[in-house]
Amino acid sequence: MTLLVCCLAVAIALATCPVGEAVDCTPDAGDPYCKCSGSDVTLDLSKLSFPMHQIPDTQQYGTYEYTFSPCPTVDCNDGGDSSGVACQENVGSSGGEVFVARKVPDGQPAWSIANLDPLEFTVTYCDGDLTGGVEDLERCAIVTFKDDGSHGDLDASMEKETSTDTQLSYNFMLQGKDISKVRAGAGGGGGGGSGTAAGVVGLVLISVFIAAVLTYFIAGMAVNYNRGTRGCEMVPNATFWRDLPFLIKDGFLFMISPCYNREHYEKF
């Protein structure tokens, strides 16, 4: 019976254990730059305060500052195009701003949720200006949002630049306790823990535990009946079950009561 109790404890722990696996999140059809929905969660960036201006460049690639604002979008270069999601400005020159990422018709930013508790996810926005170098690269913004208790309400920085043969990506980090506000609750498939392996294992173990308990009592009562036992004594280990409430009471009192007979225990 002790083994069954241990199995139940493990099952409950696994069923409630948070899992840090990635969760799919599909961009919202109406506003893919600000919202995504998945089977476990819906995210809505409009719950944060935008635009965020003067985001520092932590790697000091140059005298640059950044603006990030997916909802509402902003005008990056004062040219009347207010579709900017992320902008870069060289504050050390008069070159003005460029689009790191734009909001374009039928655009589909890529959303990826790394963890739900604490919340951490990444959104990739592209359609930025070309770099204008020897080989023109499309600018993209890769923005990681992280619910980080070690920061304030919301801090932002441009962490690093990465490049491929076709793209130059600016990797931003937004972290702070305000990130938790973007989680709008359950998505279209419900807000449970679907897809979490630990939850499935926990449910299986709970089912096995219940089946084992039923088998224990039914089989035990059948055996005792065949032996001629009747009434309450048919229950397997009836004496144990009869005494169990008092054993629990004694154990509880032992834990919360001071040991008055300490000398007796020492001698023992």
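Not measured: the values here are computed from a predicted model.

Draft legend 1. Representation of the sheet that holds strand β5 (residues 52–56). Strands sit in the order β5-β6-β7-β8 across an open sheet of 4 strands; the sheet is antiparallel. Looking along the sheet, the strands with just one partner apiece sit at the ends: β5 and β8 (97–102). Here the strands of the sheet are splayed against their neighbours by 25 degrees on average, with no regard to which way each runs. Pairing geometry for β5 and strand β6 (residues 64–68), over 3 bridges, is antiparallel. Directly across from Met52, in β6, lies its bridge partner Phe68.

Draft legend 2. Representation of the environment of Glu138 in the model. Tracing the sequence through the fold places Glu138 in strand β11 (residues 138–146). Linking Glu138 and Gly128, residues 10 residues apart in sequence, is a C-alpha distance of 5.9 Å. Residues contacting Glu138, with those up to four places away along its chain left out, are Cys126, Asp127, Gly128, Asp129, Leu130, Thr166, Gln167 and Leu168.

Draft legend 3. Highlighting the packing of aromatic side chains. Tallying each qualifying case throughout the model produces 12 aromatic pairs. Ring plane angle 55 degrees and centroid distance 6.2 Å describe the contact between Phe68 and Phe145, whose orientation is recorded as tilted. Linking Phe68 in strand β6 with Phe145 in strand β11, this pair joins segments that are 77 residues apart in sequence. Accessibility assignment for this pair places Phe68 and Phe145 in one class, buried.

Draft legend 4. How the structure looks around the environment of Gly30. By secondary structure assignment, the location of Gly30 is in the loop between β2 (26–27) and β3 (35–37). A residue is classified by how much of its surface remains accessible, and Gly30, at 69% relative accessible area, is exposed. Along the primary structure Gly30 and Asp106 are separated by 76 residues, whereas in three dimensions their C-alpha atoms are 9.9 Å apart.

Draft legend 5. Layout of the confidence of the model for the chain. Confidence along the chain averages 79 in pLDDT terms, with 78% of residues attaining 70 or more. Taken as a whole, residues 186–195 scores under 50 in pLDDT and shows 19 contacts with residues more than four places along the chain or in a different chain.

Conventions used here
- Residues numbered from 1 in each chain as written.
- Predicted model: local features only at pLDDT ≥ 70, side-chain atom pairs only at ≥ 80, totals over all residues.
- Heavy atoms only, no water.
- Pairing = 2+ DSSP bridges.
- Helix = DSSP H or I, 4+ residues; strand = E, 2+ residues; numbered from the N terminus.
- Axes fitted to C-alpha atoms, helices over the stretch in contact; angles between N-to-C directions.
- Contact = heavy atoms within 4.5 Å.
- Phe/Tyr/Trp six-rings, centres within 6.5 Å; stacked < 30°, edge-to-face > 60°.
- Buried < 20%, exposed > 50% of the residue type's maximum accessible area, 1.4 Å probe, protein only.
- pLDDT = per-residue confidence, 0-100.

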